Structure formats: structure tokens, C-alpha cells
Amino acid sequence: MSTVAPLLDGTVVASAATALVVAPRVLRAGARPPGRGRTIGPEAPLAAVVALILLNQVLVAVYVNRVHGGDPSFIARYLPPGWFDVPRLDALAAHVPAPELLAPSVLRVQAFLELPLVLLAFVSVVRRLDGALYVRLARSPLLPLAAVSYTAAFCAVEWDLRNPYTVDDLVLRVLSAAVTPPLIAWTAGREPASDTAAPARGNPFLFALDLWAYGQLMLVLYDTALLYNLARLGDHLLPAAAATAVLVATRLAARSAAPRTGPHTAALTATIGRALALLLVPALAIRYAESFGTPRLAVLAGVLVIGAALRRDAPRLLLPAVAGAAVGYLTAVLVPGPYYEATLLRSATGALLAATALCALLDTTRARLVVRS
């Protein structure tokens, strides 16, 4: 067990308990007045953060090649295997003056950017399901609480993998936690009323595809930039292009036709929204507790949170939930990914698609019975 397991386990318990208390109140509260500004949405800031992360990776490559002769062992020896596959970029590196000034690009810049990356990715996924829910969550106490929980988890892992830059990284992570929630809330506050109905609202099938696509893009970023493996970017261009194409296709599909929803599909959509609200605060702590804390505690917290989301529509969603859980489990067993996050994404996508399909079947059957009667 990791030396920081008690801190991570405590974060899991505190964040899950907080979510179970605060999220229902946020969902019950009336919607705030819509903004009057120009729509920004979280996708544009998310793209900007991703661009900054990739730019920083280029600067890391220049620094490692010019200052350390292409040998990243000065920092890689403090980290697990699989980090710092740095490209040469000789043509660019040769023309960069004073490369020693790029030293902060190693670990420290990314320490500041990781929190806005994960929070913006989360609210971008929420917006794909329900624009009004995105605004409500982004302007609620859940967002700063999530920033605190995520920062505690990040800092715990940072300390477990401590290196010469750890203290700098911890300070930068705390600073990022202070500035990121207000910026996201400000962005959400400019969302006009006409934009609070997201394209995939009421269509859990399209949302499942959106969830996979966003998850796939985050996995590509993780495999390349977040582990400082920019040299492997070429191997991931095809999955990234496929995920981007899915996001474009689902948006066009949602705009071309209004979704047909019955009571089971509507209940599933509402449950997904509640689950996202409940997971906002504890999600990252639960994930890291799987690797650095107590896995059983993480699973228990996840089950409690998802169970709370299902409770209101449990009778109607019993069969879809069982079917989804079965498909998710079989997916994880039969077609696991190369690591935990990839397996989790495949399992969650399979579970959601199976539940959606069964809800659609039940709604269709019900409609036929009503017509015949």
C-alpha cells in the first residue's frame, strides 16, 4: 500500500460524503438567471489548456535535448517506468536561445494545468448531456469542492512520487485550485438561455458516444503529454482523429433530429445527470485510491454514489441497470484496455450503451401496447 494511502482514503470518504449531501441540494435548487454574454462554453478553454500542455511538451523536448544532451534520466529516475519518451526536435531546439530558462517546463507547468484540464473535461461532458445542468454545476459549490478534492488527490500522488520539484508542484497545484473554479464559473455564467439545451439532451445513446470520445481524447493526452511521452504522439493520431470525428458526428446528428424519448429513456437521462453531479467531487479521489489507496474503499464509494443517483428511478431502471452492469463487467473482463483508465472507459461505455438499448426497447414495447389498447 502507498505511503499516502490514508490521505487518499480520507479524501475519498470526505468527498463522497460531501457529494451525497451537497449535490442533491444543488439539483433541487432553482436555476440561476441565464447569462447575457457571448457563449464561450467549456470546450474552448479546454482546447486552450490542451494546446498549452502540448506546447509545454515541445519546450520540455528542447530543454532536455539542449541542456541534458537528450537524456531525461535527471528526472525520469524519480518516476515509474514509462515516462519521458522525449522526441529529439533537433531542428527546433537548435534555434532556441537560452534553453536553460525552460527548466520550469519539466513537471511544474503541468502541475498548474492538470486541474483545469480535468475540471473542464468533466463539465464539457456534462454540457453534452444537459446544458442547463452544466451551468448549474459550474456555478455551484460543487465546483470549488471538486477543486479541493482533486488537488488533495493530486498532491497525495505528487508526494508519493516526490522528486526535486515536488514542493514547487504542490504550491502550483494549490494556486491552480484557487483560480480555476472562478474562471469556469465565469464562463458558465455567460451561457445564454438559448444555449442551455445541449445537443445531446434527452439522448443517452449520443451521450454515451460523446463520453467515449472525450475519454479517448483524454487517454491519448495521458499517454503522450501527461507522461511526457510526446515521441509517441504519432501512434495515437488515429484514435484521436476517430474520437474527434465522433464528437462532430454526434453534434450534427443531435441537431438534425429531435430525440424520441419514452419514460425509461427519460429516466435514464435524468439518472445520468444526477450521477454526473454526484461524481463531480469524488471522481478523481476514487480513481487514485484504486492505485495508491484502498481499492475496496474506492469501489464502495463509487457504488454508493451511483446508487444514490439510481435511487429515484430504481423501479423503472432496474432491468436496464442490471443489463448495463453485466455488459460493463463482461467488457472489462473480455476486452480490457492496456491500463485501468482504458478498461474503465470501455466498461462504462458498454454499460451505458446496453442500458440505453434496453430502455429504448422497453419504451418501444410500451408504445406498441398503448397503441393496441
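All values reported here derive from a predicted model rather than from experimental measurement.

1. Overview of the pattern of salt bridges
Within this structure, the stated rule accounts for nine salt bridges. Ionic pairing is found between glutamate 114 and arginine 173, a salt bridge with its closest N-O pair at 2.9 Å. Taken as a pair, glutamate 114 in helix H5 (residues 108–129) and arginine 173 in helix H8 (residues 166–189) lie far apart in primary sequence, 59 residues in all. Residue glutamate 114 is classed as buried on the basis of its relative accessible area of 13%. Given the relative accessible area of 8%, arginine 173 is considered buried. Connected through shared salt-bridge partners, Glu114, Glu158 and Arg173 make up one network.

2. A few points about the layout of surface pockets
Of the volumes computed, that of the second largest pocket is approximately 550 Å³. Lining the second largest pocket are 21 residues, with Leu27, Ala270, Gly273, Arg274 and Arg312 positioned closest to its centre. Residue assignment for the lining of the second largest pocket shows that the elements contributing at least two residues are helix H1 (5–28), helix H6 (131–138), helix H11 (263–279) and helix H13 (295–310). Here the residues of the lining of the second largest pocket sort into 11 nonpolar, three polar and seven charged.

3. Quick word on the side chain of serine 176
Position of serine 176 relative to the elements: it lies in helix H8. Within the structure, serine 176 has its side chain in polar contact with the backbone oxygen of phenylalanine 112 (distance 2.8 Å). Not counting residues within four places of it along the chain, the set of residues in contact with serine 176 comprises Phe112, Leu115, Pro116 and Pro181.

4. Brief notes about the packing of aromatic side chains
Applying the stated criterion across every chain, the model contains six aromatic pairs. Considering the side-chain rings of phenylalanine 84 and tyrosine 228, the 4.6 Å spacing of their centres and the 10° angle between planes classify their relative orientation as stacked. In this pair, phenylalanine 84 sits in the loop between helix H3 (73–76) and helix H4 (90–93) while tyrosine 228 sits in the loop between helix H9 (204–226) and helix H10 (237–256), placing the two residues 144 residues apart along the sequence. Taken as a pair, phenylalanine 84 and tyrosine 228 share a single burial class, namely buried. With a centroid separation of 6.1 Å and an interplanar angle of 65°, the aromatic rings of phenylalanine 154 and tyrosine 288 are classed as edge-to-face. With a gap of 134 residues between them, phenylalanine 154 in helix H7 (residues 142–160) and tyrosine 288 in helix H12 (residues 283–292) connect regions that are remote in the sequence.

5. Focus: the nonpolar core
Within the largest apolar cluster, 91 residues are counted, with the highest numbers of intra-cluster contacts made by Phe84, Leu119 and Tyr150. For this core, the leading source of residues is H5, giving 11 residues. Those residues within four positions of leucine 119 in sequence are excluded, and the remaining contacts are Leu143, Ala146, Ala147, Tyr150, Thr180, Ile184 and Leu280.

6. Here's the deal with helix H2 (residues 43–67)
Here H2 spans 36 Å end to end across 25 residues, near enough to the 36 Å set by a 1.5 Å rise per residue. Positive backbone phi, at 60°, marks glycine 69, one or two positions downstream of H2.

7. Some remarks on the packing of H9 against H10
Taken N-terminus to C-terminus, the directions of H9 and H10 make an angle of 155°; their axes are 9 Å apart at the nearest point. Taken together, the axes of H9 and H10 are roughly antiparallel relative to one another. Seen from above, H9 lies across H10 with left-handed handedness. Contact residues: Leu206, Leu209, Asp210, Trp212, Ala213, Tyr214, Gln216, Leu217 and Val220 in H9; Pro239, Ala240, Ala243, Thr244, Val246, Leu247, Thr250, Ala253 and Ala254 in H10. The residue makeup of the contact of H9 with H10, split by class, is 14 nonpolar, three polar and one charged.

The rules we used
Residues numbered from 1 in each chain as written. Predicted model: local features only at pLDDT ≥ 70, side-chain atom pairs only at ≥ 80, totals over all residues. Heavy atoms only, no water. Salt bridge = Lys/Arg side-chain N within 4 Å of Asp/Glu carboxyl O. Helix = DSSP H or I, 4+ residues; strand = E, 2+ residues; numbered from the N terminus. Buried < 20%, exposed > 50% of the residue type's maximum accessible area, 1.4 Å probe, protein only. 1 Å grid on protein atoms, 1.4 Å probe; cavity = no way out; pocket = protein on both sides within 12 Å on 5 of 7 lines; lining within 4 Å. Points joined across faces, edges and corners; volume = space filled by probe spheres on them. Nonpolar A, V, L, I, M, F, W, Y, C, P; charged D, E, K, R; others polar. Polar contact = N/O pair within 3.5 Å; in protein donor to acceptor, adjacent residues only side chain to side chain. Contact = heavy atoms within 4.5 Å. Phe/Tyr/Trp six-rings, centres within 6.5 Å; stacked < 30°, edge-to-face > 60°. Core = buried A, V, L, I, M, F, W, Y, C linked by side-chain atoms within 4.5 Å. Expected span 1.5 Å × (residues − 1). Axes fitted to C-alpha atoms, helices over the stretch in contact; angles between N-to-C directions. Parallel < 35°, antiparallel > 145°, perpendicular 65-115°, else oblique. Left-handed = near helix turned anticlockwise from the far one by under 90°.

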